[in-house]
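A closer look at the structure
For reference, the chains in residue letters:
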Amino acid sequence: MSIATRINLSAPWIDERDEELVLEVLRSGWLSLGPTGPRFEALLADAIGVPHCAAVSSGTAGLHLCMRLAGVEPGDEVITSPYSFVASANCAIYEGATPVFADIDPHTYNIDPAAVEAAITPKTKALVAVDIFGYPAEYDALIPLCEKHGIALIEDACEALGATYKGRRLGSHGHPAAWAFYPNKQMTTGEGGAVTTGNAEQHELLVSLRNQGRLETSSWLQHGRLGYNYRLDDVSAALGIGQLEKLDRILEARSEVASRYGELLRDVDVETPLADDPDHTRSWFVYVVKLPSAVDRNEVMARLDREGIATAPYLPSIHLQSYMRERYGFSEGMLPVSEDCSARTMALPFHARLERSDQERVADALRTALA
Ligand SMILES: *Cc1c(COP(=O)(O)O)cnc(C)c1O
């Protein structure tokens with residue numbers, strides 16, 4: 001085993017077409033605010049099935065802008081999932097609001113609508129629902145809940161490009177959704193992201209906010225509101241076009257790799273990711289397994305590491321990060337389901353071009369480590 005090459009956690013799919021598109025922009029000399037950004041946005045909007053799309057510099061920037069769309073202010077509360085990437089909660093803190101965590105379902109790993117309802121107070125301004133690991137959150141419960149209580153719904157779809165809920169593509173339900181294109185995501189622009197929405201006014205605001213608060217009518221040094229530099233440059237957008245051209249192939253390949261893992265892990269004592277049902281079609285972002293409670297995850301990870309296999313303790317609960325504990329006094333026991341999942345879940349190497357032989361190595365090493 002020691003001579004075998006290392007199996008990485010993730011890898012982007014970059015080909016000659018991507019290189020060609022990026023070179024074209026480099027040679028044009030028009031590296032930002034050129035024609036390539038809008039072309040990327042139109043293709044992305046089409047892939048998602050939504051009328052408006054604003055490309056931004058990262059998924060985190062996109063979520064931050066969604067807080068501005070929701071009118072989140074100091075003193076407000078924003079409900080979100082503890083079992084997510086920190087950006088889902090940090091975006092609320094950027095605007096002076098307090099993150100409020102609602103516990104999750106132990107199998108979908110998504111926020112539990114009943115826990116959301118229990119967390120609502122008169123200060124609740126927004127809900128950031130996350131489609132964790134590309135699995136759709138329960139929108140038919142969350143949307144009416146937000147409407148009933150007058151709460152803005154924001155979707156963190158950063159892991160879910162291509163997923164569908166009840167036959168509709170995520171992001172096409174009308175409310176704003178944030179997307180991310182870091183190199184470990186389904187498609188990449190290097191760094192980058194987007195916000196999509198069904199609302200033209202929200203789109204106009206997004207375009208202004210990402211561009212230093214400039215108004216549609218203003219000249220370069222006139223700023224109508226407090227904005228940010230959250231623009232996506234045209235070089236990154238060109239890469240995004242190359243990725244979108246092969247998005248179907250990428251998603252299909254990821255789905256095949258995932259079903260191969262399902263077969264290979266059938267006799268291994270782990271809980272594999274929840275299968276799709278008629279209402280939920282996952283877009284495969286990572287392949288996360290849950291180990292039995294009695295197993296020492298660190299030991300399993302160390303053994304796999306010695307076999308040249310990368311893994312990650314995916315995902316830690318956000319409320320237990322040190323800065324969250326210090327700032328808000330959060331501690332163990334607050335969100336038992338999320339904490340139990342965080343203690344037991346582990347990401348295996350996963351990307352579109354992972355070879356079957358490498359997956360066999362992963363499955364064999366995991367089987368041995370657990371025996
Ligand atoms: C990746 C990710 C983000 C943030 O994306 P960046 O582009 O890295 O800022 C936000 N939320 C979730 C759930 C993510 O997975």
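Structure: see above.
Quick caveat, the model's predicted, so the values are computed rather than measured. (Residues numbered from 1 in each chain as written. Predicted model: local features only at pLDDT ≥ 70, side-chain atom pairs only at ≥ 80, totals over all residues. Heavy atoms only, no water.)

Points about the overall build of the protein
Helices and strands together make up the secondary structure of the protein, namely 13 helices and 12 strands. Against the compact-globule benchmark of 21 Å for 371 residues, the protein has a radius of gyration of 21 Å, which places it among compact chains. Each of the three principal axes of the protein carries a C-alpha extent, and together these read 65 × 55 × 40 Å. Here the protein holds 371 residues, and 54% of them are scored as buried. Residue pairs at least 24 apart in sequence account for 72% of intrachain contacts in the protein once pairs closer than 6 positions are excluded. Carbon and sulfur atoms make up 51% of the accessible area of the protein, which totals about 16000 Å². Here the protein contributes 33 positively and 52 negatively charged side chains, and the mean placements of these two sets differ by 3 Å. (Helix = DSSP H or I, 4+ residues; strand = E, 2+ residues; numbered from the N terminus. Rg over C-alpha atoms; globule rule 2.2 N^0.38 Å. Buried < 20%, exposed > 50% of the residue type's maximum accessible area, 1.4 Å probe, protein only. Contact = heavy atoms within 4.5 Å. Areas by Shrake-Rupley, 256 points an atom, 1.4 Å probe, with all protein chains shown as cover. Lys, Arg positive; Asp, Glu negative; His and termini not counted. Charge placed at Lys NZ, Arg CZ, Asp CG, Glu CD.)

Description of unusual backbone geometry
For the peptide bond that leads from Tyr-314 to Leu-315, omega is -5 degrees, which places it in the cis range. Locating Leu-315 in the fold gives a position in the loop between α10 (297-306) and α11 (322-328). With a phi angle near 55 degrees, Leu-33 is a residue other than glycine that sits in the positive phi range. Relative to the assigned elements, Leu-33 resides in the loop between α1 (16-28) and α2 (36-48). A relative accessible area of 47% places Leu-33 in the partly exposed class. Phi angles above zero are rare outside glycine, and Gln-212 is one such case at about 60 degrees. Here Gln-212 is to be found in the loop between α7 (200-210) and α8 (234-245).

Quick word on α8
Helix length check: α8, at 12 residues, gives a terminal C-alpha distance of 16 Å against a target of 16 Å (1.5 Å per residue), a fit within 8%. Most of α8 is tucked away: 10 of the 12 residues are buried. Buried positions along α8 lie against α1, α2 and α9 (247-264). The opening residue of α8, the one whose side-chain oxygen lies 3.1 Å from the backbone nitrogen of Val-235, is Asp-233. (Expected span 1.5 Å × (residues − 1). Polar contact = N/O pair within 3.5 Å; in protein donor to acceptor, adjacent residues only side chain to side chain.)

Looking at the sheet that holds strand β4 (residues 124-130)
Read across the sheet, 7 strands follow the order β1-β9-β8-β5-β4-β2-β3 without closing on themselves; strand pairing throughout is mixed. Of all the strands in the sheet, the pair left with one neighbour each is β1 (52-56) and β3 (98-101). Across the sheet, the axes of successive neighbouring strands diverge by a mean angle of 25 degrees, strand direction being ignored. In the sheet, β1 pairs with strand β9 (residues 193-197) via 5 bridges, with the strands oriented antiparallel. Each bridged residue has a counterpart across the sheet, and for Cys-53 the counterpart in β9 is Thr-196. (Pairing = 2+ DSSP bridges. Axes fitted to C-alpha atoms, helices over the stretch in contact; angles between N-to-C directions.)

Here we look at the site of the ligand
With respect to spatial proximity, 14 residues lie near the ligand, and among them Gly-59, Thr-60, Asp-156, Glu-159 and Lys-185 are the closest. Taking Gly-59, its main chain carries an N or O atom lying 2.8 Å from an oxygen atom of the ligand. Between the ligand and Thr-60 there is a distance of 2.5 Å, counted from an oxygen atom to a side-chain nitrogen or oxygen. About the coverage of the ligand: the protein hides 92% of its 380 Å² of free accessible area. Per-element accounting of the shell around the ligand gives the leading share, 3 residues, to helix α3 (residues 59-69). When grouped by side-chain class, the residues that make up the shell around the ligand number 6 nonpolar, 5 polar and 3 charged. (Near = heavy atom within 4 Å. Nonpolar A, V, L, I, M, F, W, Y, C, P; charged D, E, K, R; others polar.)

Quick word on the packing of aromatic side chains
Here the structure, examined in full by the defined rule, presents 13 aromatic pairs. Here Phe-40 and Phe-181 contribute two aromatic rings whose centre-to-centre distance is 6.0 Å and whose plane-to-plane angle is 75 degrees, an arrangement assigned as edge-to-face. In this pair, Phe-40 sits in helix α2 while Phe-181 sits in the loop between β8 (177-180) and β9, placing the two residues 141 residues apart along the sequence. Phe-181 carries the same exposure label as Phe-40, and that label is buried. Between the aromatic rings of Phe-101 and Phe-330, the centroid separation amounts to 5.7 Å while the plane-to-plane angle is 75 degrees, which identifies the pairing as edge-to-face. Of the two residues, Phe-101 sits in strand β3 while Phe-330 sits in the loop between α11 and α12 (336-344), which places them 229 residues apart along the sequence. Summarising the burial analysis for this pair, Phe-101 and Phe-330 share the class buried. Taking NZ or CZ as reference, Arg-282 lies 4.8 Å from the ring centre of Trp-284, over its face. (Phe/Tyr/Trp six-rings, centres within 6.5 Å; stacked < 30°, edge-to-face > 60°. Lys NZ or Arg CZ within 6 Å of the ring centre and 35° of its normal.)

Notes on the packing of α10 against helix α13 (residues 356-370)
Viewed as axis vectors pointing N to C, α10 and α13 meet at an angle of 135 degrees, and their least axial separation amounts to 10 Å. By the criterion of interaxial angle, the relationship of α10 to α13 is oblique. Remark: the crossing between α10 and α13 carries right-handed chirality. Residues Val-300, Arg-303 and Leu-304 of α10 form the contact with α13, whose participating residues are Ala-365, Leu-366, Thr-368, Ala-369 and Leu-370. (Parallel < 35°, antiparallel > 145°, perpendicular 65-115°, else oblique. Left-handed = near helix turned anticlockwise from the far one by under 90°.)

Observations concerning the pattern of salt bridges
Per the counting criterion, the structure on display carries 18 salt bridges. The partner of Lys-246 in a salt bridge is Asp-15, and the shortest N-O contact between them spans 3.1 Å. Of this pair, Lys-246 sits in the loop between α8 and α9 while Asp-15 is found in the segment before α1, placing the two residues 231 residues apart along the sequence. When its relative accessible area of 2% is taken as the criterion, Lys-246 is described as buried. With a closest N to O distance of 2.8 Å, Asp-140 and Lys-166 form a salt bridge. Of this pair, Asp-140 sits in helix α6 (residues 139-149) while Lys-166 is found in the loop between β6 (164-165) and β7 (168-169), placing the two residues 26 residues apart along the sequence. (Salt bridge = Lys/Arg side-chain N within 4 Å of Asp/Glu carboxyl O.)

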